[in-house]
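Listed below, chain by chain, are the residues.
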Amino acid sequence: QVQLVESGGGLVQAGGSLRLSCAASGRTISSATMGWFRQAPGKGREFVAAIGWSGEKTSYADSVKGRFTISRDNDKNTVYLQMNSLKPEDTALYYCAARIDTMMVFQSPGLYQYWGQGTQVTVSS
């Protein structure tokens, strides 16, 4: 029903910035809660940020609050994650996820229906 493709990952020095994009196809995401998750080697999938339909309701993991900003452009069917002041511990494979037709913002990966393939973010010290 929904295909998600992440882009914008790469190699960056500590303190730098990256902007990740998640382009959706198959249907509009205007009625979907969208989330970003990450997974580092040897660790489980970790919640990063989520955003509701209108973009006004957002949720962030404590580890990224104040540094990362999630946003969406429903007309472009795209979700973004602006990452500033990056740290080596931010190094991970970053995934975009969608939950269709909900009014809630979720932090659990098990509550999302669709996932992208991931984009690698590597932060050097």
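I will try to describe carefully the structure that is included in this document. Predicted, not measured: the structure shown is a model, and the values here were computed from it. (Residues numbered from 1 in each chain as written. Predicted model: local features only at pLDDT ≥ 70, side-chain atom pairs only at ≥ 80, totals over all residues. Heavy atoms only, no water.)

Observations regarding the overall build of the chain
Phase 1: The helix and strand tally for the chain stands at 0 helices and 11 strands.
Phase 2: Seen in sequence order, the chain has helices and strands lined up from the N terminus as β-β-β-β-β-β-β-β-β-β-β.
Phase 3: With respect to the principal axes defined by its C-alpha atoms, the chain has extents near 40 × 25 × 25 Å.
Phase 4: Per-residue burial over the chain gives 46% buried out of 125 residues.
Phase 5: In the chain, the share of contacts with a sequence separation of at least 24, taken over all contacts with a separation of at least 6, comes to 60%.
Phase 6: Of the accessible surface of the chain, which amounts to about 6,100 Å², a share of 48% is contributed by carbon and sulfur atoms.
Phase 7: Of the charged side chains in the chain, 12 are positive and 9 negative, and the gap between their average positions amounts to 2 Å. (Helix = DSSP H or I, 4+ residues; strand = E, 2+ residues; numbered from the N terminus. Buried < 20%, exposed > 50% of the residue type's maximum accessible area, 1.4 Å probe, protein only. Contact = heavy atoms within 4.5 Å. Areas by Shrake-Rupley, 256 points an atom, 1.4 Å probe, with all protein chains shown as cover. Lys, Arg positive; Asp, Glu negative; His and termini not counted. Charge placed at Lys NZ, Arg CZ, Asp CG, Glu CD.)

Things to note about the packing of aromatic side chains
Phase 1: Inspection of the entire model under this criterion finds 6 aromatic pairs.
Phase 2: Look at Phe37 and Phe47: their rings are 5.7 Å apart centre to centre, the planes differ by 70°, and that puts the pair in the edge-to-face class. With Phe37 in strand S4 (residues 32-39) and Phe47 in strand S5 (residues 46-51), this residue pair connects regions lying 10 residues apart in the sequence.
Phase 3: For Phe47, a relative accessible area of 10% corresponds to the buried category.
Phase 4: Taking 6.4 Å as the distance between ring centres and 65° as the angle between the ring planes, the aromatic pair formed by Tyr112 and Trp115 counts as edge-to-face. (Phe/Tyr/Trp six-rings, centres within 6.5 Å; stacked < 30°, edge-to-face > 60°.)

Re the state of the cysteines
Phase 1: Across all of its chains, the model carries 1 disulfide by this definition.
Phase 2: Between the sulfur of Cys22 and that of Cys96 lies a disulfide, 2.1 Å long from S to S. Between Cys22 and Cys96 the disulfide shows an S-S torsion of about -80°. By sign, it is left-handed. With Cys22 in strand S3 (residues 18-25) and Cys96 in strand S9 (residues 92-100), this pair connects stretches of sequence that are 74 residues apart. (Disulfide = S-S within 2.5 Å.)

Description of the pairing of S3
Phase 1: When strand S1 (residues 3-7) meets S3, the two strands line up antiparallel, connected through 5 bridges. Each bridged residue has a counterpart across the sheet, and for Leu4 the counterpart in S3 is Ala24. (Pairing = 2+ DSSP bridges.)

Concerning the pattern of salt bridges
Phase 1: Considering all chains together, one arrives at 4 salt bridges under this definition.
Phase 2: Residue Asp62 is joined to Lys65 by a salt bridge in which the shortest nitrogen-to-oxygen separation is 3.4 Å.
Phase 3: By relative accessible area, Lys65 is classed as exposed at 53%.
Phase 4: The residue Arg67 makes a salt bridge to Asp90 at a minimum N-O spacing of 2.8 Å. In this pair, Arg67 sits in the loop between strand S6 (58-60) and strand S7 (68-73) while Asp90 sits in the loop between strand S8 (78-83) and S9, placing the two residues 23 residues apart along the sequence.
Phase 5: On the basis of relative accessibility, which here comes to 1%, the residue Asp90 falls in the buried class.
Phase 6: Through salt bridges with shared partners, a single ionic network connects Arg38, Glu46, Arg67 and Asp90. (Salt bridge = Lys/Arg side-chain N within 4 Å of Asp/Glu carboxyl O.)

Worth remembering: the numbers are spatial, not functional.
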